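# Topology and contacts: notes
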Amino acid sequence: MLLRQLAFGAGLLSATGIYVLVLGTLLTHQEWWPPGDKTPAYYCHWSLVAIFNIALIATAVLDWGGWGLASPMTLAGGVTLTALGTAAFMWGAQTMRSDETMGVTGELYTDGPYTYTRNPQYLGMIVGVTGFALVTDSALVATLAVAHVGWVLLLPRAEEPHLRAEFGDTYDRYAARVPRFIGLRTVRQAFRSIGS
């Protein structure tokens, strides 16, 4: 019981730290995310993410099935979403170099998964962590998953001014053509690609 509370508390605390960095960037003139370079903000953000991930897994192990809502349908849906989210994340991550995946300025990617969404890794995280929450059948994991989805929805808003400053009109044209996450154009493009 105490270990479960500690793991959950560590998850909430680290998520709060990430929100502070992202909201600080959005609401002030300070740019804590994306760092652009390997600054103290970079190390702080990724340390908090690591703590959150460990806390999420520990909470899942310690509270597995704690909600009591599991059914074959939620389990199948959760496994499917987790697999789809992981695949989308990996496709996006393999397209970029690792430093760029972690917020260090590099090139502007517009091919591969970036043809359909400007944020395939974030989309994968949202889908994957939602599926993981369904599989674990834990209210505590669901709470951490909601916190995770919330900051992932905010991250692109913090990154876009940085990308506009770095890539100018090229980024603006890309952003006008490709949705932040997913839209009807994305779905149509995917079906056209499958059909050809």
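Above this text is the structure in question.
Keep in mind that this is a model prediction, so the values were computed, not measured.

## Observations regarding the nonpolar core
- Grouped together as the largest cluster of nonpolar side chains are 26 residues, with contacts concentrated most on Ile18, Phe52, Leu56, Tyr122, Trp151 and Leu155.
- Elements with a minimum of two residues in this core: α1 (2-27), α2 (40-62), α5 (120-136) and α6 (139-177).
- Excluding its chain neighbours within four sequence positions, the residues that come into contact with leucine 56 are Val129, Phe132, Val141 and Leu144.
- Within the second largest apolar cluster, 6 residues are counted, among which are Tyr109, Tyr114, Tyr171 and Tyr174.

## Considerations on the pattern of salt bridges
- Throughout the structure, instances matching the rule amount to 5 salt bridges.
- Of the charged contacts in the structure, one is a salt bridge between arginine 164 and aspartate 172, with a shortest N-O distance of 2.7 Å.
- What emerges from the salt-bridge pattern is a single network uniting Arg118, Glu160 and Arg180.

## Some remarks on a nonpolar patch on the surface
- The grouping of Leu2, Leu3, Leu6, Ile57, Val61 and Leu62 at the surface amounts to a nonpolar patch, some 630 Å² of accessible area in total.
- Going through the elements one at a time, α1 and α2 are the ones with two or more residues in the nonpolar patch.
- A relative accessible area of 53% means that leucine 6 is categorised as exposed.

## Some points on α2
- For α2, built from 23 residues, the straight-helix expectation of 33 Å at 1.5 Å per residue is met to within 8% by its first-to-last C-alpha distance of 33 Å.
- Taken as a whole, α2 has its buried residues at Ala41, Tyr42, His45, Leu48, Val49, Phe52, Ala55, Leu56, Thr59 and Ala60.
- Against α1, α5 and α6 lie the buried residues of α2.

## Re the side chain of histidine 148
- Its location among the elements puts histidine 148 in helix α6.
- Residue histidine 148 is classed as buried on the basis of its relative accessible area of 8%.
- Ignoring anything within four residues of it in the chain, the contact list for histidine 148 reads Phe52, Met125 and Val129.

## Thoughts on α5
- In this model α5 runs 24 Å from its N-terminal to its C-terminal C-alpha over 17 residues, within 8% of the 24 Å that 1.5 Å per residue would give.
- All of the buried residues along α5 are Pro120, Gln121, Tyr122, Leu123, Gly124, Ile126, Gly128, Val129, Gly131, Ala133, Val135 and Thr136.
- In this fold, the buried residues of α5 make contact with α2, α3 (72-95), α4 (98-101) and α6.
- Two residues or fewer after α5 comes aspartate 137, characterised by a positive phi angle close to 55 degrees.

## Observations concerning the layout of surface pockets
- In this structure, the largest pocket encloses a volume near 980 Å³.
- Taken together, 46 residues line the largest pocket, and the ones lying closest to its centre are Phe89, Thr101, Gln121, Tyr122 and Met125.
- Only α2, α3, α4, α5 and α6 provide two or more residues apiece to the lining of the largest pocket.
- Here the residues of the lining of the largest pocket are counted per class, giving 25 nonpolar, 15 polar and 6 charged.

How each quantity is defined
- Residues numbered from 1 in each chain as written.
- Predicted model: local features only at pLDDT ≥ 70, side-chain atom pairs only at ≥ 80, totals over all residues.
- Heavy atoms only, no water.
- Core = buried A, V, L, I, M, F, W, Y, C linked by side-chain atoms within 4.5 Å.
- Buried < 20%, exposed > 50% of the residue type's maximum accessible area, 1.4 Å probe, protein only.
- Helix = DSSP H or I, 4+ residues; strand = E, 2+ residues; numbered from the N terminus.
- Contact = heavy atoms within 4.5 Å.
- Salt bridge = Lys/Arg side-chain N within 4 Å of Asp/Glu carboxyl O.
- Patch = residues over 30% accessible without salt bridge, like charges linked within 9 Å, V, L, I, M, F, W, Y side chains within 5 Å.
- Areas by Shrake-Rupley, 256 points an atom, 1.4 Å probe, with all protein chains shown as cover.
- Expected span 1.5 Å × (residues − 1).
- 1 Å grid on protein atoms, 1.4 Å probe; cavity = no way out; pocket = protein on both sides within 12 Å on 5 of 7 lines; lining within 4 Å.
- Points joined across faces, edges and corners; volume = space filled by probe spheres on them.
- Nonpolar A, V, L, I, M, F, W, Y, C, P; charged D, E, K, R; others polar.

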